[in-house]
Amino acid sequence: MTARLFSGMQPSAESLHLGNYVGALLQWKKLQNDFDAIFCVVDLHAITVAQDPVKLREATRRTAAQYIAAGIDPESSILFVQSHVAAHPQLAWVLDTITGYGEAARMTQFKDKSQKQGADATTLGLFAYPVLMAADILLYNAEVVPVGDDQKQHVELTRDLATRFNSRFGDTFVVPEAKTLADGARIYDLQNPGSKMSKSGESPQGIVWLLDEPKAVAKKIKSAVTDTEREIRFDPKAKPGVSNLLSILSGVTGTPVAALEDHFAGKGYGDLKTETADAVVAEFEPVRTRALELLDDPAELDRLLAHNAERAAAIADETLRLAYDRVGL
Ligand code: ADP
Ligand code: NA
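Note that this is a predicted model, so its numbers are computed, not measured. (Residues numbered from 1 in each chain as written. Chains lettered and ligands numbered in written order. Predicted model: local features only at pLDDT ≥ 70, side-chain atom pairs only at ≥ 80, totals over all residues. Heavy atoms only, no water.)

K.L.:
Give a detailed account of the domain arrangement of the protein chain, specifying residues and quantitative values.
P.N.:
You can read the domains of the protein chain as domain 1 (4-185 + 297-327) and domain 2 (214-292). Here the C-alpha centroids of domain 1 and domain 2 sit 31 Å apart. With nine residues of domain 1 in contact, the opposing surface of domain 2 contributes 10 residues. Note on domain 1 versus domain 2: buried area summed over both sides is about 850 Å², and carbon and sulfur give 75% of it. For the pair domain 1 and domain 2, the interface holds zero salt bridges. Summed over the shared surface of domain 1 and domain 2, the result is one residue pair in polar contact (both at pLDDT 80 or more). When contributions to the side of domain 1 that touches domain 2 are tallied by element, the ones reaching two or more residues are helix H1 (18-34) and helix H3 (53-69). Looking at the side of domain 1 that touches domain 2 element by element, the count peaks at four residues for H1. Considered class by class, the residues forming the side of domain 1 that touches domain 2 number seven nonpolar, two polar and no charged. (Domains from an automatic or database assignment. Contact = heavy atoms within 4.5 Å. Buried area = accessible area lost by both parts, 1.4 Å probe. Salt bridge = Lys/Arg side-chain N within 4 Å of Asp/Glu carboxyl O. Polar contact = N/O pair within 3.5 Å; in protein donor to acceptor, adjacent residues only side chain to side chain. Helix = DSSP H or I, 4+ residues; strand = E, 2+ residues; numbered from the N terminus. Nonpolar A, V, L, I, M, F, W, Y, C, P; charged D, E, K, R; others polar.)

Right, here's the structure in full:
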């Protein structure tokens, strides 16, 4: 039997970005061939911080459209919206009851986010976020969970909760493994290559959106910060800007960084920028067109998401029923 894989991303207001594309969507697209893959737009996670309701609903649809446009196959894989499957918060509650307060309080992402939010804006939902994520994973008996480094601790918690539940109530959950990004799949801000490209980045020119106009994509990449040397060499510490461009070019073309270094021997930063810009524009163009097409036909997108939610629920409901049964509900 093919191993089950689960991954998700929060809905993103306007568009996903180049980091999400190289670090998540492109990896997912490849992984879906080797795994029984389930991909989720985690809107219940999004509301752990304040959201505008109209914008959130739109962001969820836009994110789903970009998953499909980037090549996630909604027939062979399952691609659904978290809030469409009621079992997620239901199982999360059960898992809440076996999660230690101190255990949850040790999650570094909670510590960071709650510090940024301040005590008054920090909610119980934000605190319980990792337990909801555990439910997402355990409901589908996922063996493999591709995540960024910042989510590794949450997969560890998921493993602990699965193991604890199984030993207390009998074998119920598959204990999953985190699968972290390959080196070089991390993309940095073009204007500030010391920080990862992020939707909350500070410079609008430093972040390339999947739904940006091709001209804007090219302009941002050609204006990337580099350094005062001339050598095109992958060295993230000494040459973060140049290394980032090499990672981007490698990410979208599939050419290994070492081969790119050879290719650019004796060439200048202008060549690197032009080739990277051209490659990203060529890669994004059909994805953008397809995403806009999908968003132009809301009824069809809704039908597709409803169908996929049913497929997800068929698996999730069975796991939930078993878990309820185990604890005496
Ligand atoms: P953001 O940092 O923009 O808020 P998320 O944290 O929501 O992005 O990440 C969603 C997915 O995209 C995760 O799988 C994460 O590992 C991946 N990802 C986000 N930013 C990058 C990046 N700069 N480089 C590579 N992958 C990234
Ligand atoms: Na598959």
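Moving on from the model shown.
K.L.:
Which residues make up the site of ligand 1, and what are the values?
P.N.:
In the vicinity of ligand 1 lie 15 residues, with His-17, Asn-20, Ile-187, Met-197 and Lys-199 positioned nearest. Lys-196 places a side-chain nitrogen or oxygen 3.2 Å from an oxygen atom of ligand 1. Protein coverage of the free-state accessible area of ligand 1, which is 530 Å², stands at 87%. Of the residues forming the shell around ligand 1, the biggest block, four residues, is contributed by H1. (Near = heavy atom within 4 Å. Areas by Shrake-Rupley, 256 points an atom, 1.4 Å probe, with all protein chains shown as cover.)

K.L.:
Account for the pattern of salt bridges, with residues named and values stated.
P.N.:
According to the stated counting rule, one finds 15 salt bridges in the structure shown. Where Arg-62 meets Glu-58, a salt bridge forms, and the shortest distance between an N and an O atom there is 4.0 Å. Of this pair, Arg-62 and Glu-58 both sit in helix H3, four residues apart, roughly one helical turn. Two residues, Arg-303 and Glu-300, come together in a salt bridge whose shortest N-O distance is 3.1 Å. Of the two residues, Arg-303 and Glu-300 are both situated in helix H13 (residues 298-327); the distance of three residues between them amounts to about one turn of the helix.

K.L.:
Describe the UniProt feature "binding site: L-tryptophan" (unreviewed entry) in the protein chain, naming the residues involved and giving the relevant values.
P.N.:
In the numbering used here, UniProt assigns the feature "binding site: L-tryptophan" (unreviewed entry) to Asp-136. Look past the residues within four positions of Asp-136 in its chain and what remains in contact with it is Phe-6, Val-42, His-45, Gln-82 and His-88. In this structure the side chain of Asp-136 is engaged in a polar contact, spanning 2.9 Å, whose partner is the side chain of Gln-82. (UniProt positions renumbered as here; feature names shortened; annotations may be inferred.)

K.L.:
How would you summarise the pairing of strand E4 (residues 144-147) if you had to cite specific residues and measurements?
P.N.:
Burial of the side chains of E4 extends over both faces: Val-144 and Pro-146 are buried on one face and Val-145 and Val-147 on the other. Of the pairings in the sheet, the one linking E4 to strand E5 (residues 177-180) comprises four bridges and is parallel in character. Across the sheet, the residue bridging to Val-147 is Thr-180, located in E5. Handedness of the crossover joining E4 and E5 through helix H8 (residues 152-169): right-handed. (Buried < 20%, exposed > 50% of the residue type's maximum accessible area, 1.4 Å probe, protein only. Pairing = 2+ DSSP bridges. Right-handed = clockwise from strand over helix to strand, strands pointing away.)

K.L.:
With reference to specific residues and values, describe the packing of helix H4 (residues 87-96) against helix H7 (residues 124-138).
P.N.:
Taken N-terminus to C-terminus, the directions of H4 and H7 make an angle of 120°; their axes are 8 Å apart at the nearest point. On the basis of their axis angle, the class for H4 and H7 is oblique. Judged by the sense of rotation from one axis to the other, the crossing of H4 with H7 is right-handed. Contacts between H4 and H7 involve His-88, Pro-89, Leu-91, Ala-92, Leu-95 and Asp-96 from the former and Ala-128, Val-131, Leu-132, Ala-134, Ala-135, Asp-136 and Leu-138 from the latter. Here the contact of H4 with H7 is composed, by residue class, of 10 nonpolar, one polar and two charged. (Axes fitted to C-alpha atoms, helices over the stretch in contact; angles between N-to-C directions. Parallel < 35°, antiparallel > 145°, perpendicular 65-115°, else oblique. Left-handed = near helix turned anticlockwise from the far one by under 90°.)

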